[in-house]
Amino acid sequence: MPSASTKAAATSTAADTRLAPGAPGHRRMSFALFAAGLAAFALLYSTQALLPAISAEFGASASAASWTVSAATGALALLVLPMSALSERFGRRRMMTVSLAVAVGVGLLVPFAPNLEWLVALRAVQGAALAGLPASAMAFLAEEVRPKALIAAIGLFVAGNSIGGMSGRIVTGWVAQMWGWRAGLLAVGLMAVACAVAFRLLIPKARNFTPGSLNPKALAATVRGHLADPLLVRLYAIGALFMTVFGAVYTVIGYRLVEAPFSLPQGVIGSIFLVYLVGTVSSAAAGKLVGRLGRRGALYLAVGTTAAGLLLSLADSLPAVLAGLVLITAGFFAGHAVASSSVSRTATTGRAQASALYQSAYYVGSSVGGTLGAIAFHSGGWAGTVLLGLVAVLGVVSITLYGTHSARVEARRPHLRTAH
């Protein structure tokens, strides 16, 4: 006769409707969210590799053209928290579908912008629409996938993000070299349409979503609680500063490589973003680094790698610049992985809002980095952009050192009380 605990476990397993690898719908769901992530990030950064061409057509400076990236990431940063709250009321699946549909629709209009002002405005609308995807996707996975399969499912979604960001830049670069930057943006828009259709056809219906009420007061209280937590605030700042470096470097690198002594064509500049694959490896290795060095040790290593890459990129040698980009990318993705995962572990309540706040800080960093990096490049060339990156890196070091000091003080307090 089976014991009561065995019966309870069997009942619990039978009642668990969440998806597991091999179960009907699991593979469809994984491919659906991969397609959604690919479309979202291909659209979000679609103009980044094209900035020199956009500047040339509209007679705009690097800092003015950089707003075609910063407006999208800035709008996403502002709206990711409200959109995550709306998904609690209207459903993750519906929020993701609407977000993708609007972003893709705007993406088909972006290539026909008559001037830079319209281009920036359309990109802002696109970023606002995409804000409904990241938080909804993570919540959907947490509700619909069994815990043991959750990390792999999130990993596939993040892979779609990174591959989308990389492929969008590469596609726009090569298409723009042959037919102009507008054709490059149209190609990414059509690719996103295909991904959005695949997402809608593949995504299974939610089985475990329970609609909640929109309670602005409760949301505000949760947000205030997170912002009152010193450790969470430090992690948000670290994510923003790492992304400031990354946003500055990849917004401006096209301008540097199109000029002498490199004088690279647009397609080759777009292919530089293949370096993103290094980030996929370094973010996956972040867990092992934390296991060996601890969270702060892993952050110090990520910071050192990023700083070394910035300094190496100052050389007027293409191999040195590429090696510098590899180090910057590896350091950034490792630091981002450590900071973002630490947010989930630190927040004991309101984890969705804690993650949304991190994403807001992250994309604020992207927006600020892109704009300030372009201004620094206009004022002092590539050295100016590198200086901005080093200042941001110094900020990460200062925050991490302060965290180390605070942890030591906190650890000594019980001994101090005992002594008294």
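Residues numbered from 1 in each chain as written. Predicted model: local features only at pLDDT ≥ 70, side-chain atom pairs only at ≥ 80, totals over all residues. Heavy atoms only, no water.

### Structural notes on the overall build of the chain
Then comes step 1: A tally of regular secondary structure across the chain gives 16 helices and 0 strands.
Then comes step 2: Classification of the 420 residues of the chain by burial places 52% in the buried group.
Then comes step 3: Surface accessibility of the chain: about 18,200 Å² in total, with carbon and sulfur atoms responsible for 69%. (Helix = DSSP H or I, 4+ residues; strand = E, 2+ residues; numbered from the N terminus. Buried < 20%, exposed > 50% of the residue type's maximum accessible area, 1.4 Å probe, protein only. Areas by Shrake-Rupley, 256 points an atom, 1.4 Å probe, with all protein chains shown as cover.)

### What about the packing of helix α5 (residues 67–90) against helix α7 (residues 116–130)?
Between two packed helices, what matters for the description is the angle formed by their axes and the separation of those axes.
Then comes step 1: Viewed as axis vectors pointing N to C, α5 and α7 meet at an angle of 30 degrees, and their least axial separation amounts to 7 Å. In terms of orientation, α5 and α7 fall into the roughly parallel class. In terms of crossing hand, the pair formed by α5 and α7 is right-handed. Along its contact with α5, which presents W67, T68, V69, A71, A72, A75, L76, L79 and M83, the element α7 presents L116, L119, V120, R123, A124, G127, A128 and L130.
Then comes step 2: Of the residues contributing to the contact of α5 with α7, the split by class is 14 nonpolar, 2 polar and 1 charged. (Axes fitted to C-alpha atoms, helices over the stretch in contact; angles between N-to-C directions. Parallel < 35°, antiparallel > 145°, perpendicular 65-115°, else oblique. Left-handed = near helix turned anticlockwise from the far one by under 90°. Contact = heavy atoms within 4.5 Å. Nonpolar A, V, L, I, M, F, W, Y, C, P; charged D, E, K, R; others polar.)

### Structural notes on helix α2 (residues 26–44)
Then comes step 1: Given a rise of 1.5 Å per residue, 19 residues ought to cover 27 Å, and the 27 Å separating the end C-alpha atoms of α2 matches this to within 8%.
Then comes step 2: Within α2, 15 of the 19 residues are buried, leaving the element largely enclosed by the surrounding structure. (Expected span 1.5 Å × (residues − 1).)

### Quick notes on the packing of aromatic side chains
Then comes step 1: One pass over the full model with this rule turns up 14 aromatic pairs.
Then comes step 2: For the pair F246 and F332, a centre-to-centre distance of 4.1 Å together with 10 degrees between the ring planes defines the contact as stacked. You can see F246 sitting in helix α12 (residues 230–258) and its partner F332 sitting in helix α15 (residues 318–346), a full 86 residues away along the chain. F332 shares its class with F246; the two are buried.
Then comes step 3: Considering the side-chain rings of Y250 and F273, the 5.3 Å spacing of their centres and the 35 degrees angle between planes classify their relative orientation as tilted. Here the residue Y250 occupies a position in helix α12, and F273 occupies one in the loop between α13 (266–271) and α14 (276–312), the gap between them amounting to 23 residues.
Then comes step 4: Taking relative accessible area as the criterion, Y250 reaches 1% and is therefore assigned buried.
Then comes step 5: A relative accessible area of 1% places F273 in the buried class. (Phe/Tyr/Trp six-rings, centres within 6.5 Å; stacked < 30°, edge-to-face > 60°.)

### Notes on helix α10 (residues 181–202)
Then comes step 1: Helix length check: α10, at 22 residues, gives a terminal C-alpha distance of 32 Å against a target of 32 Å (1.5 Å per residue), a fit within 8%.
Then comes step 2: Within the sequence span of α10, burial applies to W181, G184, L185, V188, G189, A192, C195, A196 and F199. Across the axial projection of α10, the buried residues extend over an arc of 135 degrees, all falling on one side. Counted as exposed and oriented over 90 degrees from the buried face of α10: L190 and L201. (Arc of directions from axis to C-beta.)

### Here's the deal with the environment of G254
Then comes step 1: One can find G254 in helix α12.
Then comes step 2: For G254, a relative accessible area of 7% corresponds to the buried category.
Then comes step 3: Those residues in contact with G254 that lie beyond four places of it in its chain are P52 and I269.

### Observations concerning the pattern of salt bridges
Then comes step 1: The full count for this structure, using the stated rule, is 2 salt bridges.
Then comes step 2: As a salt-bridge pair, R182 and E57 come within 3.0 Å of each other at their nearest N and O atoms. Taken together, the residues R182 in helix α10 and E57 in helix α3 (residues 51–58) connect sequence positions 125 residues apart.
Then comes step 3: Assessed through its relative accessible area of 25%, R182 is described here as partly exposed.
Then comes step 4: You can call E57 partly exposed: its relative accessible area is 43%.
Then comes step 5: R256 is the partner of D316 in a salt bridge, and the nearest nitrogen-oxygen pair spans 3.1 Å. Separated by 60 residues along the polypeptide, D316 in the loop between α14 and α15 and R256 in helix α12 bring together distant segments of the chain. (Salt bridge = Lys/Arg side-chain N within 4 Å of Asp/Glu carboxyl O.)

### Regarding the side chain of S136
Then comes step 1: Within the secondary structure, S136 sits in helix α8 (residues 134–144).
Then comes step 2: Among the polar contacts made by the side chain of S136, one reaches the main-chain carbonyl oxygen of G132 at a distance of 2.7 Å.
Then comes step 3: Once residues within four sequence positions are removed from consideration, S136 is found in contact with S87, R92, M95 and M96. (Polar contact = N/O pair within 3.5 Å; in protein donor to acceptor, adjacent residues only side chain to side chain.)

### Considering the environment of V258
Then comes step 1: On the secondary structure map, V258 appears in helix α12.
Then comes step 2: Given the relative accessible area of 37%, V258 is considered partly exposed.
Then comes step 3: Separated by 11 residues in the primary sequence, V258 and I269 place their C-alpha atoms 7.7 Å from one another.
Then comes step 4: Residues within four places of V258 in sequence aside, it is in contact with P52, S263, L264 and I269.

### Some remarks on the nonpolar core
Then comes step 1: Counting residues in hydrophobic clusters, the biggest one holds 113 residues, and the most contacted among them are L33 and Y250.
Then comes step 2: With sequence-adjacent residues up to four places away left out, Y250 is seen in contact with Q48, F273, V275, Y276, L325 and T329. (Core = buried A, V, L, I, M, F, W, Y, C linked by side-chain atoms within 4.5 Å.)

### Things to note about unusual backbone geometry
Most peptide bonds are trans, and most residues other than glycine sit at a negative phi.
Then comes step 1: Look at the link from A260 to P261: it is a cis peptide, with omega at 10 degrees.
Then comes step 2: Inspection of the secondary structure puts P261 in the loop between α12 and α13.
Then comes step 3: One non-glycine residue, S263, adopts positive backbone phi at about 50 degrees.
Then comes step 4: Note on placement: S263 falls in the loop between α12 and α13.
Then comes step 5: By relative accessible area, S263 is classed as partly exposed at 49%.

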